[in-house]
2 protein chains.
Amino acid sequence: MEIITSVQNQQIKKAKQLLEKKYRDETNTFLVEGYHILEELKETDLIVQVFVKQGCGVPNWLTHYTLVSEHIAASLSQTKSGSDVFAIVKFVESKNVNDRRVILLDGVQDPGNLGTIIRTAYSFGFDSVYCSENCADIYNDKVVRATQGALFHLNIQRLNLCAKILELKNKDILVLGTDVQGGMGLDSFLNQDCAIVLGSEGVGVSSEVLALCDKKLFIETKQFESLNVAIACGIICHHFKV
Amino acid sequence: MEIITSVQNQQIKKAKQLLEKKYRDETNTFLVEGYHILEELKETDLIVQVFVKQGCGVPNWLTHYTLVSEHIAASLSQTKSGSDVFAIVKFVESKNVNDRRVILLDGVQDPGNLGTIIRTAYSFGFDSVYCSENCADIYNDKVVRATQGALFHLNIQRLNLCAKILELKNKDILVLGTDVQGGMGLDSFLNQDCAIVLGSEGVGVSSEVLALCDKKLFIETKQFESLNVAIACGIICHHFKV
């Protein structure tokens, strides 16, 4: 079996370009790395091409792949410890779901936070994560890694948040906006179907979006008024878990 | 008032060296940036020196500071957006607290996770965060930023985790080890004084440490067996909040 050893190889060049949003959007594909996330792709039809570092293990369900040298693998990896497998993957199409528990994100720009929120929402049985246009790109490599593969299973869409909130309200979904300024404490809500709106770390949910929400919700703390947005999301998802 | 404009200035050189653990440990000081974290230092006696970018605001309680040029401020900042104020700060001495709610960390190495855990533990009224020797350095700039200043208020110590667990047990504190393999679900615990042990993202709590715990605890999820460690900590701290 042939092994790619040159960084000038066209396949490798194209794979590396996918670290830039521009090329991702042009090709509707992105790059992932690591065995864990590859396993999460097993049941999907999203894989375009897999690269395996020579001498490393190959999952038995994987029939087509390209071997690359250690040097190439190191050049593709965005992690300190490096990875043995990489895959070019198609963008995840929005899924036609019956929304019952939903997260709406208003300008969450930290990739780690966005990825962790997607992972957490999936863990607790939420159906969808809707992102405003000014959220981080969900195919950014840090976002993808932090999701641990959850982005392949959830319905995730980037859209106009206000329009989505109105649509959810028309379907009688209770829309709750998080607000450190007040509202109802989380513990006073029953576990029920709902859409939770979380905002950016610096600013929170914008006043325009907050005005559309049915109720405001806050998490009671002893010190500090605000929590990290991913932590707040975790506590709220746990409270409203399916 | 004099303005430092040269990166060769000895004060600036020393400040920059504090981005390395070696120099932090030699001087028992570290570097912080941003107005928010400076405010958290207001009531402490930890500030050694403050640098303010020329033309930027100075808190009215701050009587001594050094002006620096824009160029110097940019060279000191570890954030994309930059900062207007910086401070050299003394290491936070361990506080003599009566431990009632405690977090114990076994090898949490991601700086963002460690900082967020410290912030969250403080938010929910926990007394101490104890870190094993192989956790990330609490004075790493990413850790410090993620704490949002909580590290100045909590008791934080780096120590032998097993010895600390035995000490807490001798004081009749219930020690709960998190374990994705099983144990009791979080929801079956009453809100009570306790010490929670959380492990590294990859490996979890080590078997040696887990064996010392009074009980094992897990968070019930619908999908995936494990949560990000900071998210797990957030949900647990919220459950056992003061």
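Residues numbered from 1 in each chain as written. Chains lettered and ligands numbered in written order. Predicted model: local features only at pLDDT ≥ 70, side-chain atom pairs only at ≥ 80, totals over all residues.

Asks: Whenever I open this one, the environment of Glu-220 of chain A confuses me. Can you help?
Replies: Residues and elements named next belong to chain A. Residue placement: Glu-220 occurs in the loop between strand 12 (215-218) and helix 9 (229-239). By the C-beta count within 10 Å, which is 12 here, Glu-220 ends up exposed. Sequence-wise, Glu-220 and Met-184 are 36 residues apart; in three dimensions their C-alpha atoms are separated by 9.4 Å. Beyond its immediate chain neighbours, meaning those up to four positions away, Glu-220 contacts Gly-185 and Asp-187. (Helix = DSSP H or I, 4+ residues; strand = E, 2+ residues; numbered from the N terminus. Buried ≥ 20, exposed ≤ 12 C-beta atoms within 10 Å, placed from the backbone. Contact = placed C-beta atoms within 7 Å.)

Asks: Just checking my understanding: could you explain the relation of the copies chain B and chain A for this structure?
Replies: Two copies of one chain are present, and they are related through a rotation about an axis combined with an axial shift. Aligned on chain A, chain B shows an RMSD of 0.0 Å; the corresponding rotation is 180° and the shift along the axis is 0.0 Å. Look at the turn and shift together and you get a two-fold axis relating the two. (Least-squares fit on C-alpha atoms with pLDDT ≥ 70 in both.)

Asks: Can you help me understand the packing of helix 5 (residues 111-123) of chain B against helix 9 (residues 229-239) of chain B in this one?
Replies: For any two helices packed against each other, one specifies the crossing angle of their axes together with the interaxial distance. All names here are of chain B. Close contact between helix 5 and helix 9 brings their axes to 9 Å; oriented N to C, the two are set at 10°. The orientation of helix 5 with respect to helix 9, classified from their angle, is roughly parallel. Within the contact between the two elements, helix 5 uses Asn-113, Thr-116, Ile-117, Thr-120 and Ala-121 and helix 9 uses Val-229, Ala-230, Cys-233, Gly-234 and Cys-237. Across the contact of helix 5 with helix 9, the residue classes tally to 6 nonpolar, 4 polar and no charged. (Axes fitted to C-alpha atoms, helices over the stretch in contact; angles between N-to-C directions. Parallel < 35°, antiparallel > 145°, perpendicular 65-115°, else oblique. Nonpolar A, V, L, I, M, F, W, Y, C, P; charged D, E, K, R; others polar.)

Asks: What am I meant to see in the domain arrangement of chain A here?
Replies: Where the parts come together, the accessible area they lose is often given as the size of the interface. Residue and element names in this part refer to chain A. The domain architecture assigned to chain A consists of domain 1 (3-90) and domain 2 (101-239). Placing the centre of domain 1 and that of domain 2 at their C-alpha centroids yields a distance of 31 Å. Counting residues at the interface gives 13 residues for domain 1, matched by 7 residues for domain 2. Going through the elements one at a time, helix 2 (21-27), strand 2 (29-33) and helix 3 (35-40) are the ones with two or more residues in the side of domain 1 that touches domain 2. Partitioned by chemical class, the residues of the side of domain 1 that touches domain 2 number 7 nonpolar, 3 polar and 3 charged. (Domains from an automatic or database assignment.)

Asks: Help me out: how do you make sense of the interface of chain B and chain A in this one?
Replies: The interface is formed by 23 residues belonging to chain B together with 23 residues belonging to chain A. Put simply, the parts of the chain that give the side of chain B that touches chain A at least two residues each are helix 5 and helix 9 of chain B. For the side of chain B that touches chain A, the element with the highest residue contribution is helix 5 of chain B, accounting for 6 residues.

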